[in-house]
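Commentary on secondary and tertiary structure
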Amino acid sequence: MRIAGHLFMGLSALVLALPIVVVSGAALNGGRSMFFPPQDPTLTRFGEFFVSEPIWTEALMNSIIVALGAATLAVLLAWPIAYLLWSQNSPLSRVLAGLGSLPFAVPPIVFGVGLGFYWGFLGGLGALWAGIVSHAVLLMALPLVTISIGLQSIDRAHLDAAATMGATEAVTFRTVVAPQTVPYTISGFFFVLVLSFNEFIVMFFVSASAYATVTLQIFNSLRNGYTPTMAVAAITFIVVSILVFSAVARWGDLPRLMGADQSRN
Amino acid sequence: MTLAQDIDLPRSKSGSARAPLVSRGAMLRWGLALLTFVLCVVPFMLVFAISFGRKIEGAAWGWDFTFENYQRFFVGAMWPDDVTFLYLQQLGYSFWYAVIASCLAVLTALPFTLLLTRLSRRAQAMWLVFILSSLSLSEVFIVMGWDILLSNNSGLPALFKSTGLTQWLKDVGWFQTLRDWGLANPRNVKFKTSDFATILTMSYLVWPYAVILLYPPLSRLDPSLREAARTMGAGNWQVIRTVILPSVRLPLFGTTLLLFVFLLGTYVAVTVFADPSKHTTAVAIYSNVRGANLNAPFGATQAVILLISASVCLVLGHKLNQWAEKRA
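Residues numbered from 1 in each chain as written. Chains lettered and ligands numbered in written order. Predicted model: local features only at pLDDT ≥ 70, side-chain atom pairs only at ≥ 80, totals over all residues.

**Focus: the overall build of chain A**
Basically, it comes down to this: Only DSSP runs of H or I reaching four residues or more are called helices, and only runs of E reaching two or more are called strands; each is numbered from the N terminus. Field definition: a residue is buried when 20 or more other C-beta atoms are found within 10 Å of its C-beta, exposed when 12 or fewer are, and partly exposed for counts in between, with C-beta atoms placed from the backbone. Whether two residues are in contact is decided by their C-beta atoms, placed from the backbone, lying within 7 Å.
Looking only at helices and strands, chain A features 13 helices and zero strands. Listing every helix and strand of chain A by position from the N terminus yields α-α-α-α-α-α-α-α-α-α-α-α-α. Out of the 265 residues in chain A, the part that is buried amounts to 46%. Long-range contacts, defined here as pairs at least 24 residues apart, represent 73% of the contacts in chain A between residues at least 6 apart.

**Concerning the overall build of chain B**
Rules: Just to be clear, the radius of gyration here is over C-alpha atoms, and the globule rule we use is 2.2 Å times residues to the power 0.38.
Counting its regular elements, chain B contains 17 helices and two strands. Taken against the 2.2 N^0.38 rule, which gives 20 Å for 328 residues, the C-alpha radius of gyration of chain B at 26 Å runs more than 25% over that of a compact globule. If you line up chain B on its principal axes, its C-alpha atoms span 90 × 75 × 40 Å. Across the 328 residues in chain B, those meeting the buried criterion constitute 39%. For chain B, the proportion of contacts with a sequence separation of at least 24, taken over those separated by at least 6, is 68%.

**Brief notes about the nonpolar core**
Residues and elements named next belong to chain B. We count it as follows: Nonpolar cores are built from buried Ala, Val, Leu, Ile, Met, Phe, Trp, Tyr and Cys residues. These are joined into a set through C-beta atoms within 7 Å.
Ranked by internal contacts, the top residues of the largest apolar core, which has 165 residues, are Val206 and Ala210. When residues in this core are grouped by element, the largest group, 15 residues, is from helix α11 (residues 195-219). Beyond its immediate stretch of four places on either side in the chain, Ala210 contacts Ala105, Val106, Ala109, Thr255 and Leu259.

**Brief notes about the packing of helix α12 (residues 228-251) of chain A against helix α6 (residues 121-136) of chain B**
What counts here: Comment: axis = line fitted to C-alpha atoms, over the contacting stretch for helices; angle = value between 0 and 180 degrees taken between N-to-C directions. Orientation labels follow simple angle bins: below 35 degrees gives roughly parallel, above 145 gives roughly antiparallel, 65 to 115 gives roughly perpendicular, and whatever is left gives oblique. Crossing handedness is defined as follows: a turn of the near helix away from the far one that is anticlockwise and smaller than a right angle gives a left-handed crossing, while the clockwise case is right-handed. As a working rule, the residues Ala, Val, Leu, Ile, Met, Phe, Trp, Tyr, Cys and Pro are called nonpolar, Asp, Glu, Lys and Arg charged, and the rest polar, with Gly in that last group.
One way to put it is that α12 of chain A packs onto α6 of chain B with a least axis distance of 9 Å and a crossing angle of 140°. In terms of orientation, α12 of chain A lies oblique with respect to α6 of chain B. The chirality of how α12 of chain A crosses α6 of chain B is right-handed. On α6 of chain B, the residues touching Ile238, Ser241, Ile242, Phe245, Ser246 and Ala249 of chain A of α12 of chain A are Ala125, Leu128, Val129, Leu132, Ser133 and Ser136 of chain B. Partitioned by chemical class, the residues of the contact of α12 of chain A with α6 of chain B number eight nonpolar, four polar and no charged.

**A closer look at the interface of chain A and chain B**
The interface of chain A with chain B comprises 69 residues on the first partner and 66 residues on the second. For the side of chain A that touches chain B, the element with the highest residue contribution is helix α1 (residues 2-26) of chain A, accounting for 11 residues. Across the side of chain A that touches chain B, the residue classes tally to 53 nonpolar, 12 polar and four charged.

**Side note on the environment of Lys161 of chain B**
Residues and elements named next belong to chain B. Relative to the helices and strands, Lys161 resides in helix α8 (residues 155-162). For the pair Lys161 and Asn188, spaced 27 residues apart in the sequence, the C-alpha separation amounts to 7.0 Å. Excluding residues that lie within four positions of it along the chain, Lys161 makes contacts with Thr166 and Asn188.

**Description of the confidence of the model for chain B**
All names here are of chain B. Just so we agree on the cut-off: Each residue carries a pLDDT value, the predictor's own confidence for that position, ranging from 0 to 100.
Looking at chain B as a whole, its pLDDT mean stands at 81, while 92% of the residues score no less than 70. Between residues 1-19, whose pLDDT stays under 50, and residues either more than four places distant or in other chains, the model counts 13 contacts. Both confidence scores are given for the complex: pTM 0.82, ipTM 0.83.

**Let's talk about unusual backbone geometry**
At Ala208 of chain A, a position not held by glycine, the phi torsion is positive, near 50°. On the basis of neighbour counts, which here come to 17 C-beta atoms within 10 Å, the residue Ala208 of chain A falls in the partly exposed class.

**Describing the environment of Val42 of chain B**
Examined against the element boundaries, Val42 of chain B turns out to sit in helix α3 (residues 19-50). With 16 C-beta atoms counted inside 10 Å, the residue Val42 of chain B sits in the partly exposed group. Put simply, Val42 of chain B and Phe141 of chain B are 99 residues apart on the chain and 31 Å apart in space, counted from C-alpha to C-alpha. Non-local contacts of Val42 of chain B, meaning those with residues more than four positions away in its chain, are made with Tyr118 of chain A together with Phe37 of chain B.

**Notes on the packing of α1 of chain A against α12 of chain A**
Residue and element names in this part refer to chain A. In contact at an axis separation of 7 Å, α1 and α12 are set at 130° when each is read in the N-to-C sense. With respect to each other, α1 and α12 are oriented oblique. In the packing of α1 onto α12, the handedness of the crossing is left-handed. Of α12, the residues touching α1 (which contributes Ile20, Val23, Ser24 and Ala26) are Pro228, Ala231, Ala234, Ile235 and Ile238.

**Some details on the environment of Asp253 of chain A**
Residue and element names in this part refer to chain A. Within the secondary structure, Asp253 sits in the loop between α12 and α13 (254-257). Given 18 C-beta atoms within 10 Å, Asp253 falls into the partly exposed group. Placed 66 residues apart in sequence, Asp253 and Ser187 show a C-alpha to C-alpha distance of 9.6 Å.

Right under this line is the structure:
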């Protein structure tokens, strides 16, 4: 049974890794087409992606700007809602939390269509800032959850102590609440960062082909066939994801963030 | 708990003493509410409003209040002279792919997650990093990876041929079965385009989500229950069937439902792997709103119907959950 269990986990990991390995391997191809295993292995494709081909460098720049902007904005939007929900738990705050999670809960293509019309009216269609706001709203649900988990983990005794010693809400917030929730805020930030980096369908609608992020550029190139340069993009993305989540696991409590039981292990 | 609520005291005290502060707090609160509404709700309202609009030939579209788009979705534009169920059929394919892929993902993720929760905390964190990385990996990359793996000139079909597996299949006679299922052409196996490739990729797409969603309830299972059953002589399979499955029945069902709703909107995997005659509503929405058809109101109608179908499934699932809980 034990061995069978390990085998099953190993097999799952293998299937999970298979397409990633294939794409990564294909990045090493010397020629213009994708082969697996790679032929005439070389690292020139990495140079093309990061330095010399403007299509890819611009797309990468756009992806980074959108991801960083969206992550910052999403945290800024989620903080007051999560704080309101935690400190008051009023009907209004619950409605706000529900509405904030709405875009993430429905099939993304519907929200994408809606945002397409929305920015069409507001004049943001095809502008990078509209893309940033769109991703922030779409992914706001993630920092909302992580920050809420963080706020709930604050020991109420600390708050009582602060109140007994006459601290105002602002002082309590600065000295007790904020420091204890920093890791959770950062986790939320990183979740948005990575998901925005990889998001496709909403960006597909709001960019209106005026600019391309890396995922859009790859989709555009799908029709003309693959080039090994696209595989470099995939490697970059998976490496960024692994680094970010490792950081969260290293400095935060990943099993707890994912909802594991605290009391055991 | 009551003490904690008293923390709010300083705020309300300062509020009664200095009235402007309260109104500023209230203003901030309502400002936040307005912002949330404008950003999260208005886009959906626009889709709904535009779904009643009308396409204007040679231009884009105009506001209107007509049910023509909805009629077209259910019985076709020419009704009552001519009836077509093309759009309903597309919705049917959306459901078909999503149902199978989400069930497949949950069924395979369940044993995996169960094993995961029995590892040490450190090992769990490492697995979670791996799972989360693959979860966040873009649909585009996943489709690209499976496309290389499943395409006819490279990937698995080429591997089948070069290792002689194709020949062996032909010798055994299973090749004909594969052909009947549409998974082979006369010379070799082929996976593009097929339902198999579509469902495999969609299932792969949500598999990490299934693990992440099943992880909390499974990691909260009380190990003493399992040990008690063991002590009383229950075998492995019996423990799973009588202790574990009943206690995670609800999260299992809820996870399947969430993944199903998520998969209803899959776009890239369907465009690449599904046969054009089996394309889904999501693909039709795109081609109406941005693509070749340029009929934004009809695209909006399809989006509204997709959203309503998803909501109905969620509500029904919720009701079923409540009903099951009451009975339990």
